[in-house]
Amino acid sequence: MSTAVLQARGVRKSFGHTEVLSGIDLDVTPGETVVVLGPSGSGKSTFLRCINLLESLDAGRITVDGRDVGYDVRNGRLHELSPNEIARRRRDIGMVFQQFNLFPHMTALENIVEAPIAVLGEGRREATARAVELLAEVGLAGREKAYPRQLSGGQQQRVAIARALAMRPKLMLFDEPTSALDPELVGEVLATMKRLASAGLTMVVVTHEISFAREAADRVVFMDAGQVVEQGTPEQVIDNPQHERTRAFLSRFL
Amino acid sequence: MATTVQDARAAGLELDVRNAAHRKHPWRWLSALVVLVFAAQLVKMLVTNENFGWDVVWAWLRAESIVRGLGITLMLTVVAMVIGVVLGVLLAVCRISANPLLRAAAGLYIWFFRGTPTLVQLIFFYNLSALLPTLNLGIPFGPVFASVDTNTLITPLLAAILGLGLNEGAYMAEIVRGGLLSVDPGQREAGQALGMKNSRIMKRIILPQAMRFIVPPTGNQVISMVKATALVSVIALSDLLYTAQSIYNRTFETIPMLIVVCLWYLAVTSVLYVVQSFIERHYNRGARHQAPSFWDFLRIRPKGLAA
C-alpha cells in the first residue's frame, strides 16, 4: 500500500447540484502508466484536476507519495494547508493541459526554466542546460528561442511536456493532451508520451486515444458517470470489456 | 474602339492584374483642395491677426515663472500617477480577491471616486480643515496617540496630490482589473501546476500578459492627467495655468499667455505619445499583432491593410 505513488479513496466532487465524482478509488504504483478512458462528462478530467488540487475535493482523500496535497495530518485529523504550502507540494506533480497553457510572453526555453529557477532554486546555467536537453528529448532541439505562437500545436504540447519534466515530477498528469491538436499532429505527441512511459515515468493519462491506451498503458481505467466502472490490462478492458457501459463506449471507436 | 464584354473574354488569358489601371480618386483631389483653402485661411489669420501677439508668446514661452509652473504641473502629474497606479493595482487585486470584505471595500471606493467630479474632490481636500479641524491617530472612542492641525498639514500642494491621486486610483483600478481578467485562466493553472506561489504567478505570468491590456489605456490616463492638473489652479497652486493666469491678470495679455500654456501642454503630451508607443511595442512580445509604430501616422497607405 505505502509503495503507491497515488492513492485515491472515496473521492467525491459536485459542481452545484451535479455530482461529478461519486466515490473514486484508484492506486497507481511507481513506473505505472494508467490510461483513464470514458465518455465526455464522465468526470475523468475533474478527477485528474483533483489530484493536484486544481479542484478541491468534497469528500474522500487523495495522497501523492504518501502525503495529502492540501492537508497535513495532526492529532489524527486533516488540517487545511496555506496556499504557499500547497504550492510546495504541487512541485512533484507535473501536469500537461489540453490547451497547452504555455506562457505566450516567454520563449520555449524561458517557459521550461521558469519553475525550476523560481520553485526549486536551481541556478540559471544549470536549468538552461537541462532545458536544452529536455527540448532535444521531445524532438525540438534548436527551437529554444521560439515563442509559443511560432510553434505548431504539436510542438507547443511537446514544449509543455518538457516544461513539466523539468520539475523532475514523481507523477505526471496528462489532461486530454491531444484533443486540441490537428489530426496529423497527434502522433508526434503520443510518440513522446510512449517514450516517457517506457522510460518508467509514472503517468495518469486522460485521453480518447484508444490506440495509445492499447500500446502504452499498463492499466486501463474506464470511468462513467463519476465512477470507475472497470479496470485492468488493455487486453482485458479494451478487447474483452465486462460491462455494458464499457462496451457501448468502445463500440464507437470500432 | 469601344471594348465589349466579348472582346475582354477573348483577350482574357493575356491580361494581367499587374498592368491594371488604378482607380481614379477625383473626390480625394477635391477634398484636398477644400482642406488647402481652409489651411491657407488659418495661416493668414495666424500671421496677420495681431491679437495673437506672437512676440509676447515668444517672450514668455521660456520665462522663468512659466517654466517653474510647468515644473509643478509635471511633478503633480508624476506623483498623482504613481499614487494612482499603486492604488489602482491594490484596489484591482482587492476587487478580484476571494475575501468578500476586501471586494466590497474596493468597490465602494471606486464607486465614490468615479461618481463625483475631480474638481469637487480637489476643493473638498483643500477645505478639509472645515470638516476635520485636527487629524488624530488613535483608537475610536479611545486614547489619541498623535494629533496634527489640518490646516498646517493639508497645504494646497498636498490637497492637489491627494485629490488627483486618489481619484486616479479609482480609474486605474478598473483598467488593471480589466487587464488581469483578460488573461486566460489556464495561465494561472499552469503556474499552479508547476508549484509556483500565487505572488510569483501574479508577477511573472499574469501581470506581464495583462500589461498589454493595461499600458495603452494607462498612457491615455497619463496624458489626461497632464491636462487634469490644470484643475489645481482653482486651489491657488501655481501650476502652468495658474502662473499664466496671474501674469495676464496683471498685463491683460490673455490670449498670448493662453497660447503659451497650450504650446507647453502640446509639447508634453507629444513626448508622452512617443514614449507610450515604445512601451506598447515592448509588452507586445510574443503577441500576434504588433503595436503600430509611432511613425505609422506618416504612412499614406496603412500597413497591414489591403490598399
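Residues numbered from 1 in each chain as written. Chains lettered and ligands numbered in written order. Predicted model: local features only at pLDDT ≥ 70, side-chain atom pairs only at ≥ 80, totals over all residues. Heavy atoms only, no water.

(A) Inspection of a nonpolar patch on the surface at higher detail. Nonpolar side chains collect at one region of the surface, where Val78, Val82, Val86 and Leu90 of chain B lie side by side and expose about 360 Å² of accessible area between them. As for its position among the elements, Val78 of chain B is in helix H4 (residues 64-95). (Patch = residues over 30% accessible without salt bridge, like charges linked within 9 Å, V, L, I, M, F, W, Y side chains within 5 Å. Areas by Shrake-Rupley, 256 points an atom, 1.4 Å probe, with all protein chains shown as cover. Salt bridge = Lys/Arg side-chain N within 4 Å of Asp/Glu carboxyl O. Helix = DSSP H or I, 4+ residues; strand = E, 2+ residues; numbered from the N terminus.)

(B) Region of the structure containing the nonpolar core. Leu6, Phe47, Ile51, Ile62 and Leu171 of chain A are the most contacted members of the largest nonpolar core, which totals 67 residues. Looking at this core element by element, the count peaks at eight residues for helix H9 (residues 156-181) of chain B. Excluding anything up to four places from it in sequence, Leu6 of chain A contacts Leu26, Asp27, Val28, Ile51, Ile62, Thr63, Val64, Leu171 and Val204 of chain A. Ranked by size, the runner-up nonpolar core spans 49 residues in total, among them Val113, Leu140, Ala164 and Ala166 of chain A. (Core = buried A, V, L, I, M, F, W, Y, C linked by side-chain atoms within 4.5 Å. Buried < 20%, exposed > 50% of the residue type's maximum accessible area, 1.4 Å probe, protein only. Contact = heavy atoms within 4.5 Å.)

(C) Quick peek at the packing of aromatic side chains. Inspection of the entire model under this criterion finds five aromatic pairs over all chains. Residues Phe52 of chain B and Trp54 of chain B carry aromatic rings whose centres are separated by 5.5 Å and whose planes lie at 15 degrees to one another, so their mutual orientation is stacked. Since its relative accessible area comes to 15%, Phe52 of chain B is described here as buried. Linked through ring pairs, Phe222, Phe249 and Phe253 of chain A together constitute an aromatic cluster. The ring of Phe103 of chain A has Arg163 of chain A sitting right over it, with the charged end atom 4.5 Å from the ring centre. The lysine or arginine in question, Arg114 of chain B, covers the ring of Tyr171 of chain B, its NZ or CZ lying 6.0 Å from the ring centre. (Phe/Tyr/Trp six-rings, centres within 6.5 Å; stacked < 30°, edge-to-face > 60°. Lys NZ or Arg CZ within 6 Å of the ring centre and 35° of its normal.)

(D) Structural view of the sheet that holds strand E8 (residues 93-96) of chain A. All names here are of chain A. With mixed pairing, the six strands of this open sheet are ordered in space as E8-E9-E10-E3-E11-E12. On the outer flanks of this sheet lie E8 and strand E12 (227-232), each paired with one strand and no other. Taking each pair of neighbouring strands and ignoring which way they run, the sheet shows an average axis angle of 20 degrees. For strand E3 (residues 33-37) and strand E10 (residues 203-206), the ladder comprises four bridges, and the chain directions are parallel. Residue Val35 lies in a different strand from E10, and its bridge partner there is Val205. (Pairing = 2+ DSSP bridges. Axes fitted to C-alpha atoms, helices over the stretch in contact; angles between N-to-C directions.)

(E) The UniProt feature "transmembrane region" (unreviewed entry) in chain B, seen in detail. Residues and elements named next belong to chain B. According to UniProt, the "transmembrane region" (unreviewed entry) feature falls on residues 27-47, 67-94, 106-128, 148-167, 228-248 and 254-275. When the span residues 106-128 is considered, its composition is 87% helix and 0% strand, and the gap between its end C-alpha atoms is 23 Å. Secondary structure within residues 148-167 divides into 80% helix and 10% strand; the distance between the first and last C-alpha atoms comes to 24 Å. (UniProt positions renumbered as here; feature names shortened; annotations may be inferred.)

(F) Structural context of the environment of Gly38 of chain A. All names here are of chain A. Within the secondary structure, Gly38 sits in the loop between E3 and helix H1 (44-51). For Gly38 and Phe249, which are 211 residues apart along the polypeptide, the C-alpha to C-alpha distance reads 7.2 Å. Setting aside residues no more than four positions away along its own chain, Gly38 makes contact with Lys44, His208, Phe222, Met223 and Phe249.

(G) Main features of the interface of chain B and chain A. With 22 residues of chain B at the interface, the matching set in chain A holds 26 residues. Both faces combined, the contact of chain B with chain A buries some 2100 Å², and carbon together with sulfur accounts for 56% of it. Put simply, chain B and chain A have three salt bridges between them. The tally of links between chain B and chain A comes to six residue pairs in polar contact (both at pLDDT 80 or more). Of all elements in the fold, only helix H10 (185-193) and helix H11 (198-228) of chain B reach the threshold of two or more residues within the side of chain B that touches chain A. Ranked by the residues each element gives to the side of chain B that touches chain A, the list is headed by H10 of chain B, at seven residues. Broken down by class, the residue content of the side of chain B that touches chain A amounts to seven nonpolar, eight polar and seven charged. (Buried area = accessible area lost by both parts, 1.4 Å probe. Polar contact = N/O pair within 3.5 Å; in protein donor to acceptor, adjacent residues only side chain to side chain. Nonpolar A, V, L, I, M, F, W, Y, C, P; charged D, E, K, R; others polar.)

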